Every structure is written in structure tokens, then in C-alpha cells.
Amino acid sequence: MSLHWPWALVALLAFPLLLAVRWWTRRRRRRAAVRLPSVGLIRAALPGRTSWKRRIPLWLFAAGLLVTGTAAARPEASVVVPDSAATIILAMDVSGSMCSTDVSPNRLTAAQKAAREFIKEHDGNQKIGLVAFSGIAGLIVPPTTDTRQLLDAIDGLRTARGTAIGLAILTSIDAIAEINPDVPPTGVEVPDDGVATGEYEPDTIVVLTDGRNTDGVDPMTAAAAAEARRLRVYTIGFGTSVPSPMVCSSDQISSGGGQFRGGPGPGGQFGGRGRFQDMDEGTLTKVAETTGGKYFKAEDAEALGDVLRDLPSQVTLQRKKTELTSWFALAGALLVLLAVALSQWWNRVRPPAASAVSRR
């Protein structure tokens, strides 16, 4: 918790001042005490009160003053709240290895299905952008709430050579910069004092890949650019390390997809011999940690669906400062009122008991 007006805490000096006045008043009363021949007469004249009944109202009143004085300083708390204005850029790997069949029917088909479900769950309530990358990266759909446009773009993804994870992150940064004036584009230098300070931007980048960077900018260089702009990058490693055949249908391969030798196979599919898929989990983890995000591993279609379903609960939550002045003021007022009420109740004048009246 922080204080917006810390100097207002000077108001808390009222409490020790009141204690000093009370002490001085009681001291003067002792000096002016009247001597009576019988202590019993004094006890009979005063209402019976225990010591704790005298102290409770005092301490409640003191607590009320302290809380109310703190309210004057405008306390603020950093809390996690949902942010519907956050934009999510989904960067999907469409390299040739996405034709691997270790995930049925192949990685690309499973990833497309999970991405469609992810978009449908938002149903136009949040802006989503789509970046596709292989040896190069491109913004397929700028951030939008048009669910149909996003779904059509997902269905139209095609594989190509190479894997440019770093370029995908930089392309995502530029897509966010187009709609968020607080995020400089990649061509603008960000001052060093902006790194690792302040709150994160509400916009987030999600990178889904099954391999390691082979082209373009190093992923850690791109991660540093995202960190400087206070953009979090969540990374998802998709697939297994089991050597599997490479099989994609003809409509899943771009015109430059000649990496599959042997031509079309049965059912119009293009195939390649099985090979080991080398995923760079270390780099994906470092990218996420550097930018304040998180790395997820999904070895099958079900796990990928679970990761994407859980992402909105993480990427759309932002830590913001919330002022607590009204709550402190309310609590202080209640404590003071309770102290006054108890004091009046316990000091009220009680009528003489019936037995005492009858004896008279």
C-alpha cells in the first residue's frame, strides 16, 4: 500500500494531543478533589463501571482517529483487476515442421482448431490480432473484434520454410504500437530508464511455435524490445520430441513449400520422412521470463486447448492502483461512532433499583 498525500499523516498528531489534554484534565481534577468522610458515599453516588468499560470507548475512539487520519493521506493499493481493453496478438508458427504428425492429424490442424476455439470464446469482447511466421513474419489480421475475419484468417494459414520467432515478436510489437500510443514501434529507440520500471501495458503477445529460431532477429533481442516497452510475451511450445512423418494436405502448403519431396501422396497429401523436431524450450522460457510472461508446454491438441483457454485469465489481468480513501474514512467513522455510543450507554444514569425504593 502507498500514500498519495503522505504529508497528511500530520493529522495523526491529534491523537497524542488528545491524550495529553486528557492527562492534564484528570490531573487538575485530582487537585480539586473534595474530601468526604465516607468512601462508601462516593461509590454509592457513582454508576458501577468496570475498568474495561472505561477503556474500550477510549481505544475505539483512538483507533477511529488513526484510521480517519490515514484516510486523509489517500492510501492506494496495487490490486489485480480484469482489463477488457487489453489487446492480444496471437503469433502462430506456420513453418514446415507444423506438418509433423506427432499430434493428430498434424500440428498445424490441431493448432488451427485450438486458435479457433480461443477466438470464439472471446466472441468479439476483446481485440485480437493475428501474426503468422515461418522464415518471415507478417501481420495477417490487425487487432480487431471481428470474429469472422479472424476465423477466416486462421483457416487460410499455409506452411512455408524457416522459423523466425524474433521477427514474429517484433511484428507483434508494431501491431500493438498502431493502436496503443504508449507503445513505441520497433524503429523508435526507447530510453534505458523505461526498462524494468513501471506497470506493464495491458496489451499482450502470445507466441505459439514448435521449433527454434532459424531466420531473422534473435528472439532474445526481440524480447529485450518487448521488455523496454513493458509488453509481456507468453510463449507456447507445441509438439513432442518424437520423430514423426511430415504430412500436410495440399491446401496447407504455400506455393513455396517445396521442402516436401516426393510430390502428392494418397488423398492429395504431401509427405516427408520422419525427423526429430528440435524445440528450443530454453529460449522460449527466457523470452517469457524476460518480458514478465510465462512459458507453457503443450504436447498434444488437448493440452494446447487447455493452455489457450487459461490464457485470458492471465493476460487480461492487470495490476492497477486503487484508492482506498473512502474505505478508510468509512471505517474510521464507524469506530468513532461506536466509541461514542458505548460511552453514552455505559455512562447513562440508571433509575434506582426497585428493592432500594421499597426499603425506603
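Below is a summary of the structure that appears in this document. All of these numbers come straight from a predicted model, not from anything done at the bench.

So, about the state of the cysteines. Within the structure shown, the criterion is met by one disulfide. Across a sulfur-sulfur distance of 1.8 Å, Cys-99 and Cys-248 are joined as a disulfide pair. Negative torsions about the S-S bond denote left-handed disulfides, and the value of about -100° found for Cys-99 with Cys-248 makes this one left-handed. One end of the pair, Cys-99, is in the loop between strand 3 (88–93) and helix 4 (107–122); the other, Cys-248, is in strand 8 (residues 244–249), with 149 residues separating them in the sequence. Taken individually, Cys-99 and Cys-248 each receive the classification buried, so the pair is uniform in this respect.

Take the packing of helix 4 against helix 9 (residues 301–310) next. The contact between helix 4 and helix 9 brings their axes to 9 Å, and the two run at 25°. Overall, the two elements helix 4 and helix 9 adopt an arrangement that is roughly parallel. Between helix 4 and helix 9 the crossing geometry is right-handed. On helix 9, the residues that touch Ala-110, Ala-111, Ala-114, Ala-115, Glu-117, Phe-118 and Glu-121 of helix 4 are Ala-301, Leu-304, Gly-305, Leu-308 and Arg-309.

Among the secondary structure elements, Val-94 is positioned in the loop between strand 3 and helix 4. On the accessibility criterion, Val-94 (5% relative accessible area) is buried. In sequence terms Val-94 and Ala-137 are 43 residues apart; their C-alpha atoms lie 9.7 Å from each other. Not counting the four nearest positions on each side in its chain, Val-94 is found in contact with Leu-108, Ala-132, Phe-133, Ser-134, Leu-157, Arg-158, Thr-159 and Ala-160.

So, about the pairing of strand 5 (residues 137–144). The side chains of a regular strand alternate between both faces of the sheet. Bridge count for strand 4 (residues 128–133) against strand 5 is five bridges, and the pairing is antiparallel. Bridge pairing in strand 5 places Ile-128 opposite Thr-144. A loop of three residues connects strand 4 with strand 5, the two strands running antiparallel in sequence.

The rules we used
- Residues numbered from 1 in each chain as written.
- Predicted model: local features only at pLDDT ≥ 70, side-chain atom pairs only at ≥ 80, totals over all residues.
- Heavy atoms only, no water.
- Disulfide = S-S within 2.5 Å.
- Helix = DSSP H or I, 4+ residues; strand = E, 2+ residues; numbered from the N terminus.
- Buried < 20%, exposed > 50% of the residue type's maximum accessible area, 1.4 Å probe, protein only.
- Axes fitted to C-alpha atoms, helices over the stretch in contact; angles between N-to-C directions.
- Parallel < 35°, antiparallel > 145°, perpendicular 65-115°, else oblique.
- Left-handed = near helix turned anticlockwise from the far one by under 90°.
- Contact = heavy atoms within 4.5 Å.
- Pairing = 2+ DSSP bridges.

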